[in-house]
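Notes for the structure review
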Amino acid sequence: MASGSVADQEGQVMLLGFWFSAFVKRVEWALKLKGIEYDYVEEDLTNKSTLLLTSNPIHKKVPVLIHNGNPIAESLVIIEYIDETWKQNPILPQDPYERAMARFWANFIEEKVTEPTGEALVSQGEQQEKKVKELKEAMEVVEGEAKAKLNKKTLFFGGGNGVGYVDIVLGWTCNWMESIEEVGGFKVLDPESQPQFHKWMANVREVPFIKTTLEPKEKLVEFFRMVRQDRLGLVANK
Amino acid sequence: MAEEEVKLFGTWASPFSRRIEVALKLKGVQYEYIEENLTNKSPALLNYNPVHKQIPVLVHNGKPVAESFVIMEYVDETWKHNPILPTDPYEKAMARFWAKYIDDKLWPAAKKVVMTKGEEQKGVIDEIQQQMKNLEGELKEKKFFGGESLGFLDIAANIIIWLVVAQEALGMDPILNEEKLPVLHGWLQRLLDDAVFKECVPPKQRHLDFSKVKFGSSIASK
């Protein structure tokens, strides 16, 4: 990670991101939940800034949070950093066992829902079918968890009326999933077999600081269509 | 003092359950170890980790925790003495970042290098060399990633030993050699010398034999 070459401004919080990135939005939700002021820098995917490349030389990806001149990458690592640095409105539970459960589910979501969705977006035929099958199986588990944890009084995985870590990690599904399904030509979301999950998505969409950040479907579809064509075009030309 | 019951489900050849052994031993936590047969998983394991059906699983007073980094953080937060993670939030974030790097990038590459040959294998070797150089950048002049004593990232980096042993078993030129990667090479010697850590690696010959069987029949070899 870079040090010394990044502008050192006491107390300043900067977030490097792309408008379409669910990983970036997660970090924004964490910052907004805590009421933290931050400067947002929109990066250009085709022309990454020197700041981004020196702040995250290993992966060269967004999101990157820069706090007091210190850069941090990887959305889940950033969210835990935010939670530990600003103590108001806790994101993770206090109890070590509850924290372990939240982290376990965050890992499950990343490995079994987030990654395969990204892979399904840029694949086709048998390869895509395999990913979609994985996703449907994972969504059964997610629906099971939603049934077990959520009810009229407990709207979110974070408990009660406020979003927590798991909600923030899974929250991208409430907006991005539909767009990716449309572009990829597959279906994973099913209100009939996932009623509790769909209730949860509807509640997430209405959280004020999340609602204002959700991108219009058409805009996401247009962008992801470009990504899919680009990726599959490359493969076909090999 | 409340009665503490700690169980660890693992396998002797898994770097992931070995990580938990290091963490528990560093904290001086008494635990019962259960060796699993992955071709015939116990009902207890399947009950404690129904989602992944994998080791390691830590069971503390009847409550199960799965996933090695999740377990390590749980151990660190439950038994607060001899901290494994740094206390400073930024240092903690760095440890987590690099631990993730090891599992997401280095481990898959390590598995790949013993399963490929020729040009493809060369490519993976170059990849691993670069990954290890990156880790050296994080280690710098320190005795361990954790500083004076070993910590979260040192434990996470234990998979490097599995790569070293697999390469030795197959008669490959070791990627982690003193000439090309002196900093990381020095760190590994110190890690293997550490009183607690050295108890938590598979016995060398058994590990070599195991690796020979596991990878020797694959398409890889010189």
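To keep things clear, this report deals only with the structure shown in the data block.

Reading the values: rules and limits
- Residues numbered from 1 in each chain as written.
- Chains lettered and ligands numbered in written order.
- Predicted model: local features only at pLDDT ≥ 70, side-chain atom pairs only at ≥ 80, totals over all residues.
- Heavy atoms only, no water.
- Axes fitted to C-alpha atoms, helices over the stretch in contact; angles between N-to-C directions.
- Helix = DSSP H or I, 4+ residues; strand = E, 2+ residues; numbered from the N terminus.
- Parallel < 35°, antiparallel > 145°, perpendicular 65-115°, else oblique.
- Left-handed = near helix turned anticlockwise from the far one by under 90°.
- Contact = heavy atoms within 4.5 Å.
- Buried < 20%, exposed > 50% of the residue type's maximum accessible area, 1.4 Å probe, protein only.
- Pairing = 2+ DSSP bridges.
- Buried area = accessible area lost by both parts, 1.4 Å probe.
- Salt bridge = Lys/Arg side-chain N within 4 Å of Asp/Glu carboxyl O.
- Polar contact = N/O pair within 3.5 Å; in protein donor to acceptor, adjacent residues only side chain to side chain.
- Nonpolar A, V, L, I, M, F, W, Y, C, P; charged D, E, K, R; others polar.

Residue and element names in this part refer to chain A. Two elements in contact, helix 4 (residues 96-121) and helix 7 (residues 176-184), have axes whose closest approach is 9 Å; the angle formed by their N-to-C orientations is 30 degrees. When the axis of helix 4 is compared with that of helix 7, the two are roughly parallel. Handedness of the helix 4/helix 7 crossing: left-handed. Residue-level inspection shows V113, T117 and L121 of helix 4 in contact with helix 7, the latter providing M177, I180 and V183.

All names here are of chain B. Of the two faces of strand 3 (residues 57-60), the one holding V57 and V59 and the one holding L58 and H60 are both buried throughout. Looking at chain direction, strand 1 (residues 6-10) and strand 3 are connected through four bridges and run antiparallel. When the bridges of strand 3 are listed, V6 appears paired with H60. Strand direction decides the pairing type here: strand 3 and strand 4 (residues 63-66), joined by four bridges, are antiparallel.

For the rest of this paragraph, the subject is the interface of chain A and chain B. Put simply, an interface is often sized by how much accessible area is lost when its parts join up. At the junction of the two partners, chain A supplies 26 residues and chain B supplies 25 residues. Here chain A packs against chain B, burying approximately 2,300 Å² in sum over the two surfaces, 70% of which is carbon and sulfur. Of all residues in chain A, I58, Y97 and F104 of chain A bury the most surface against chain B, accounting for 25% of the area lost on that side. Counting every contact that joins chain A to chain B gives six salt bridges. A salt bridge links E77 of chain B to R99 of chain A; the shortest N-O distance between them is 3.0 Å. At the boundary of chain A with chain B, the tally comes to eight residue pairs in polar contact (both at pLDDT 80 or more). The greatest single-element share of the side of chain A that touches chain B, amounting to 12 residues, is contributed by helix 4 of chain A. Considering only residue class, the side of chain A that touches chain B consists of 14 nonpolar, five polar and seven charged.

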